[in-house]
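# A look at the structure
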Protein chains: 2
Amino acid sequence: MTAPLPDPVVPGPVLVIGCGLIGTSVALGLRDLGVQVHLRDARPSNVELAASLGAGTADPVAAPALVVVAVPPAAVVDTARAALAEFPSAVVTDVASVKGSVSGTLTDPRFVGGHPMAGKERSGPMAASALLFEGRAWAVVPTDGTDPGAIALVEQVATALGSVVRRMDAASHDRAVALVSHVPHLVSALTAGLLTQADGDDLALAGQGLRDVIRIAGSDRGLWVDIIGSNAGQVGDILDDLAVRLDDLRSAVRSADGSVAEHLDRGRAGVARVPGKHGEQPAALASVFVSIDDTPGELSRLFAAIGDAGVNIEDMRIDHELGRLVGVVEVVVQAGVAEHLHTALIERGWAAFR
Amino acid sequence: MTAPLPDPVVPGPVLVIGCGLIGTSVALGLRDLGVQVHLRDARPSNVELAASLGAGTADPVAAPALVVVAVPPAAVVDTARAALAEFPSAVVTDVASVKGSVSGTLTDPRFVGGHPMAGKERSGPMAASALLFEGRAWAVVPTDGTDPGAIALVEQVATALGSVVRRMDAASHDRAVALVSHVPHLVSALTAGLLTQADGDDLALAGQGLRDVIRIAGSDRGLWVDIIGSNAGQVGDILDDLAVRLDDLRSAVRSADGSVAEHLDRGRAGVARVPGKHGEQPAALASVFVSIDDTPGELSRLFAAIGDAGVNIEDMRIDHELGRLVGVVEVVVQAGVAEHLHTALIERGWAAFR
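All values derive from a computational prediction rather than experimental measurement.

## A look at the packing of aromatic side chains
- Per the counting criterion, the structure on display carries four aromatic pairs over all chains.
- Where Phe289 of chain A meets Phe353 of chain A, the ring centres are 5.5 Å apart and the plane angle is 20°; that geometry is what we call stacked. Residue Phe289 of chain A is located in strand β8 (residues 285–293), and its partner Phe353 of chain A is located in strand β11 (residues 351–353); the two are separated by 64 residues in the primary sequence.
- The interplanar angle of 50° and the centroid separation of 5.2 Å between the aromatic rings of Phe133 of chain B and Trp138 of chain B together place this pair among those described as tilted.

## Observations regarding the sheet that holds strand β2 (residues 37–40) of chain B
Residues and elements named next belong to chain B.
- One open sheet accounts for seven strands, arranged β2-β1-β3-β4-β5-β6-β7; its pairing is mixed. Each edge of the open sheet is held by one strand with a lone partner, namely β2 and β7 (164–167). Neighbour-to-neighbour, the strand axes of the sheet open up by a mean angle of 25°, direction not taken into account.
- In terms of strand pairing, strand β1 (residues 14–17) meets strand β3 (residues 66–69) through four bridges, oriented parallel. Residue Val16 lies in a different strand from β3, and its bridge partner there is Val68.

## What to know about the interface of chain A and chain B
- Of the residues lining the interface, 126 residues belong to chain A; the matching set on chain B comes to 126 residues.
- Across the interface of chain A and chain B, roughly 11,700 Å² is buried in total on both sides, 65% from carbon and sulfur atoms.
- When residues of chain A are sorted by the area they lose upon contact with chain B, Leu194, Leu205 and Arg273 of chain A head the list and together hold 6% of the total.
- The interface formed by chain A and chain B includes 24 residue pairs in polar contact (both at pLDDT 80 or more).
- Broken down by element, the residue count for the side of chain A that touches chain B peaks at 19 residues, all from helix α6 (residues 170–194) of chain A.
- Of the residues contributing to the side of chain A that touches chain B, the split by class is 64 nonpolar, 30 polar and 32 charged.

## Considerations on the side chain of Ser97 of chain A
All names here are of chain A.
- Mapped onto the elements of the fold, Ser97 is located in the loop between β4 (91–94) and α4 (100–105).
- Given a relative accessible area of 19%, Ser97 falls into the buried group.
- Apart from residues lying up to four places away in sequence, Ser97 is in contact with His115, His173, Val177, His182 and Ile227.

## Quick word on the sheet that holds strand β3 (residues 66–69) of chain A
Residue and element names in this part refer to chain A.
- Taken together, seven strands build an open sheet; the order of strands is β2-β1-β3-β4-β5-β6-β7 and the sheet is mixed. Each edge of the open sheet is held by one strand with a lone partner, namely β2 (37–40) and β7 (164–167). In this sheet, adjacent strand axes meet at a mean angle of 25° when their direction is disregarded.
- Where strand β6 (residues 137–141) meets β7, four bridges bridge the pair, whose relative direction is parallel.

## What about the relation of the copies chain A and chain B?
- When chain A is fitted to chain B, the residual RMSD is 0.1 Å, and the transformation amounts to a turn of 180° plus an axial shift of 0.0 Å. Taken together, these values place the two copies in the relation of a two-fold axis. Across chain A, the rotation axis passes nearest the C-alpha of Val213 of chain A, at a separation of 2.1 Å.
- Looking at the interface residues of chain A, 100% of them are also at the interface in chain B, so both copies use one shared face.

## A closer look at the packing of α6 of chain A against helix α10 (residues 232–255) of chain B
- One way to put it is that α6 of chain A packs onto α10 of chain B with a least axis distance of 10 Å and a crossing angle of 135°. Between α6 of chain A and α10 of chain B, the interaxial angle falls into the category oblique. By crossing handedness, the relation of α6 of chain A to α10 of chain B is classed as right-handed. On α10 of chain B, the residues that touch Leu186, Leu190, Gly193 and Leu194 of chain A of α6 of chain A are Ile238, Asp241, Leu242, Arg245, Leu246, Leu249 and Val253 of chain B.

## Quick notes on helix α13 (residues 335–347) of chain B
- Along α13 of chain B, the positions that sit buried rather than exposed are Ala338, Leu341, His342, Ala344 and Leu345 of chain B.
- Downstream of α13 of chain B by one or two residues, Gly349 of chain B has phi in the positive range, about 90°.

## Examining the domain arrangement of chain A
- With domains assigned, chain A is organised as domain 1 (14–168), domain 2 (174–244) and domain 3 (285–353).
- One C-alpha centre belongs to domain 1 of chain A, the other to domain 3 of chain A; they are set 41 Å apart.

## As for the packing of helix α10 (residues 232–255) of chain A against α10 of chain B
- Running from N to C, α10 of chain A and α10 of chain B point in directions that differ by 160°, and their axes come no closer than 10 Å. Classified by the angle their axes make, α10 of chain A and α10 of chain B are roughly antiparallel. Every pair of crossing elements has a handedness; the one defined by α10 of chain A and α10 of chain B is left-handed.
- Of the residues in the contact of α10 of chain A with α10 of chain B, the class split is 16 nonpolar, four polar and eight charged.

## Side note on the pattern of salt bridges
- Scanning the model with the defined rule gives 26 salt bridges over all chains in all.
- With a closest N to O distance of 2.9 Å, Asp94 of chain A and Lys99 of chain A form a salt bridge.
- Taking relative accessible area as the criterion, Lys99 of chain A reaches 0% and is therefore assigned buried.
- Arg215 of chain A is the salt-bridge partner of Asp212 of chain B, the closest N and O atoms lying 2.5 Å from each other. You can see Asp212 of chain B sitting in helix α8 (residues 208–214) and its partner Arg215 of chain A sitting in the loop between α8 (208–214) and α9 (221–230), one on each of two chains.
- A relative accessible area of 25% means that Arg215 of chain A is categorised as partly exposed.
- Each of Asp237 and Asp240 of chain A together with Asp247, Arg250 and Arg254 of chain B takes part in a single network of salt bridges with overlapping partners.

## Re the pairing of strand β8 (residues 285–293) of chain B
Residue and element names in this part refer to chain B.
- For β8, the tally of buried residues reaches seven of nine residues, placing the bulk of the element in the interior.
- Here β8 pairs with strand β11 (residues 351–353) via three bridges, running antiparallel. Pairing of Val290 across the sheet is with Ala352, part of β11.

## Points about unusual backbone geometry
- Between Gly12 of chain A and Pro13 of chain A the backbone carries a cis peptide bond, its omega angle lying at -5°.
- Structurally, Pro13 of chain A is set in the segment before β1 (14–17).

Definitions and cut-offs
- Residues numbered from 1 in each chain as written.
- Chains lettered and ligands numbered in written order.
- Predicted model: local features only at pLDDT ≥ 70, side-chain atom pairs only at ≥ 80, totals over all residues.
- Heavy atoms only, no water.
- Phe/Tyr/Trp six-rings, centres within 6.5 Å; stacked < 30°, edge-to-face > 60°.
- Helix = DSSP H or I, 4+ residues; strand = E, 2+ residues; numbered from the N terminus.
- Pairing = 2+ DSSP bridges.
- Axes fitted to C-alpha atoms, helices over the stretch in contact; angles between N-to-C directions.
- Contact = heavy atoms within 4.5 Å.
- Buried area = accessible area lost by both parts, 1.4 Å probe.
- Polar contact = N/O pair within 3.5 Å; in protein donor to acceptor, adjacent residues only side chain to side chain.
- Nonpolar A, V, L, I, M, F, W, Y, C, P; charged D, E, K, R; others polar.
- Buried < 20%, exposed > 50% of the residue type's maximum accessible area, 1.4 Å probe, protein only.
- Least-squares fit on C-alpha atoms with pLDDT ≥ 70 in both.
- Parallel < 35°, antiparallel > 145°, perpendicular 65-115°, else oblique.
- Left-handed = near helix turned anticlockwise from the far one by under 90°.
- Domains from an automatic or database assignment.
- Salt bridge = Lys/Arg side-chain N within 4 Å of Asp/Glu carboxyl O.

Shown next, in the form of structure tokens:
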């Protein structure tokens, strides 16, 4: 921290209020960019911990260029309002997951709502990382009265931290996250909840499909109670829609009139609408499956072989299996190179199949 | 196929009726074990194709030890009944995803219902593989009157093909697959279906959680219409239960009385009940995240580094990101070695974080 730093791409100093996962990660990322960062938290131990991780200094700051409010959802409005008053020339932003209540209350031109679409199952400063925002969407939520320079600064910070900025209004944001995040989380929890009554023997038949559907239901519930609570209107509306569709599906299943197919078709259409990797529309991808021993170094050998074949991996999955020390790795590649990869792996002695 | 083969662990000859994905995969797996396999299909081109892949011969067989009925669900009962009559000393099994209608109708002691929990998004003999059943559960569904020797033979075949046998009665099987497979599939489709009305901008905020929940909704719908149709009773009962819970959740979201937390807790409890890799209870796992360039060979270098560190990978995930040529790989390892791996990767110059 005493080495000369390059010219910062983001003006400072920046004050981060709230040294949890998100605040400390913002601070670490800005420090890596050479920005002077000051830290504040209602719990002094959080500041001390974040400072010891290299996230910045606990010293007070007189005139920050930017204040990042990263406190729990319920405290955002009061904290941001106090910061606007305390620092009359600073831009103030927040990172809360729901924006309607924030943007509706904080009408100062220097306030810009924000929401980085990043998180982890662990929370707190120890879980923080300068890389947390790498490649994630960062919603920037101004109002009509927000100062354009303030918007530009917040977008500059989000971009500098590796995020892709998505500018939108608060209502659009809250509807969007209800649809792509909050309701899927609740659906996942409901589906997982059905398993609590199951026989253990029933669960022995569980495959990867079930595991994917319920994965997010395993995450920390405290934060999610707050998130759902502060977006109850949008979430409730979509759940109402879901309930209507579920009723229709129940009739379809029992009537055996073929209308289950319509629900499945609608599902496929929805899947096709979700952007793929790199934000583009889903590419034509294909999978090559490879059987491997579940021992250290096997994946290393496999990936070396794939690299030798000159093939870039778009995605991959290790299939969980039952009672055997062998695994099947699904390697997802551009469709045009799948056959080449399949052949190349077999030539190199791998049990590859398509 | 003319080379001398080792003594088969499975007695033959075996007749496979229905040369689609599952039938051809069974045939290929048995051929690899040295078993003599005969093929039959209502479509001669399927037999020809499967035979050309090395799955067996189209020649007729006089007295098979085992007949595997792998025809579409609606044709299973008639086909199996005809096989029992045609081959009076053969054991006959099937591979249909729903067992109640099969086991209730076919009461011959030589018939043993079966259901390998394996599939792919592609169908047909070209998608077949001898490795399809590797590490998958294979439900074996006898009735009280089934001959023990017949059960033993089918279980021997499933085990020889790499599966883990789960013996259960038809009602238990159908309830189990409704819970762990059919209803999760429908829930995934309903959730994905909600996205059909979304703005494209809304979907730009989609993260990995949503993608996991809706992944299985992207699969082939024809087979799923049949599966849901033939298990409508069990699926309908669970959907009724789900509807009650959804109504309760909707009230909880709108009343803000804190009862959303109960649903989230129930979800976490359900996730915890699903067996982990190797069929054991979920191990204490931890993740190390690594930022990589999205270029060929990067994963190879990363896995070589992990192998050098002597760490075995339990699971992994490549995070999809938006608009940037960089990725974050989540490497899941036993909790006890995560810190060691994290340190080892940083020492080797990787951008690793926890």
